[in-house]
Amino acid sequence: MIEKPSEPENEYFARVEAQKRLDAQVKRAAGIADEEKNRLKELHYMHCPKCGTELHEETFESITVDICPSCRGIFLDDGELVKLTERPKGVLGKVRGLFSS
Ligand SMILES: [Zn+2]
């Protein structure tokens, strides 16, 4: 004979089911976010954020900077500005020298 589930049992299973649905939604949203992130990266990776021209890498005192040949913008990755400012005075002037020729 099947017994009628008690109120706490119903509540427990409803909570488990709600958590499963929430987990599935979070997982699906993360997947969509990853897809969008990958799509944007493919579209914009190593392109100037100002003019869209493809960036070129230049190594300057062991730091690789991304340079736009069109608008002459200089772009640094995370932590590279700190590395440059930790160098002796005049280093930023030398970076400017990358563009004078
Ligand atoms: Zn540019």
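Going by the structure above, here's the rest.
No experiment lies behind these values; they were computed from the predicted model shown.

Explain the overall build of the protein chain to me, please; I cannot follow it from the model alone.
Check the secondary structure of the protein chain and you find three helices and three strands. Secondary structure elements of the protein chain occur, N-terminal to C-terminal, as α-β-β-β-α-α. Counting only residues that meet the buried cut, the protein chain has 0% of its 101 residues in that class. Expressed as a percentage of contacts within the protein chain between residues at least 6 apart in sequence, the contacts between residues at least 24 apart total 18%.

Would you mind showing me how to read the pairing of strand E2 (residues 63-67) here?
One ladder, built from five bridges, connects strand E1 (residues 56-60) with E2; its direction is antiparallel. In the strand pairing of E2, Glu-57 is matched with Asp-66. The hairpin turn running from E1 into E2, its antiparallel successor, is two residues long, and Glu-61 in that turn takes a positive phi close to 45°. Bridge count between E2 and strand E3 (residues 74-75): two bridges; the pairing is antiparallel. The residue of E3 that forms the bridge with Ile-67 is Ile-74. The antiparallel hairpin formed by E2 and E3 contains six residues in its connecting segment, where Arg-72 sits at a positive phi of about 65°.

Explanation requested: helix H1 (residues 7-44) in the structure shown.
Since the α-helix turns once every 3.6 residues, residues separated by three or four places project in the same direction. For H1, spanning 38 residues, the distance from its first C-alpha to its last is 55 Å, which sits close to the expected 56 Å at 1.5 Å a residue. Among the 38 residues in H1, zero count as buried, and that is only a small part of the element. Trailing H1 by a residue or two, Met-46 shows a phi angle of about 60°, which is positive.

Quick question: what am I supposed to make of the environment of Leu-81 here?
Following the sequence through the fold, Leu-81 ends up in helix H2 (residues 80-85). For Leu-81, a count of 13 C-beta atoms within 10 Å puts it in the partly exposed group. Each C-alpha atom, one on Leu-81 and one on Ile-63, is 9.4 Å from the other, the two residues being 18 residues apart in sequence.

Just to check I follow, could you spell out the sheet that holds E2 for this structure?
Each strand in a sheet pairs with its neighbour through backbone hydrogen bonds, running either in the same direction (parallel) or in the opposite one (antiparallel). Spatial ordering of the open sheet is given by E1-E2-E3, a layout of three strands whose pairing is antiparallel. Each having just a single partner strand, E1 and E3 make up the two edges of the open sheet.

Just to check I follow, could you spell out unusual backbone geometry for this structure?
Excluding glycine, residues mostly carry a negative phi; peptide bonds, for their part, are mostly trans. Positive phi is not limited to glycine here, since Met-46 has a value of about 60°. Considering the arrangement of structural elements, one finds Met-46 in the loop between H1 and E1. The phi torsion at Arg-72 lies on the positive side, around 65°, for a residue other than glycine. Judged by C-beta crowding, with 12 C-beta atoms within 10 Å, Arg-72 ranks as exposed.

Explain the environment of Arg-72 to me, please; I cannot follow it from the model alone.
Mapped onto the fold, Arg-72 is located in the loop between E2 and E3. Placed 24 residues apart in sequence, Arg-72 and Cys-48 show a C-alpha to C-alpha distance of 9.5 Å.

Cut-offs used in this document
The residue numbering used here restarts from 1 in each chain and proceeds along that chain's sequence as written. Reporting of local features is limited, given that this is a predicted model, to residues whose pLDDT is at least 70; pairs of side-chain atoms are given and counted only at 80 or more, and all residues count toward the totals for whole chains, interfaces and linings. Secondary structure counts use DSSP, requiring at least four H or I residues in a row for a helix and at least two E residues in a row for a strand, with both numbered from the N terminus. Residues with at least 20 other C-beta atoms within 10 Å of their own are called buried, those with 12 or fewer are called exposed, and the rest are partly exposed. The C-beta atoms themselves are positioned from the backbone. What counts as a contact here is a pair of residues whose C-beta atoms, placed from the backbone, lie within 7 Å. Strand pairing requires that DSSP identify at least two bridges connecting the strands. The length a helix should cover is 1.5 Å for every residue beyond the first.

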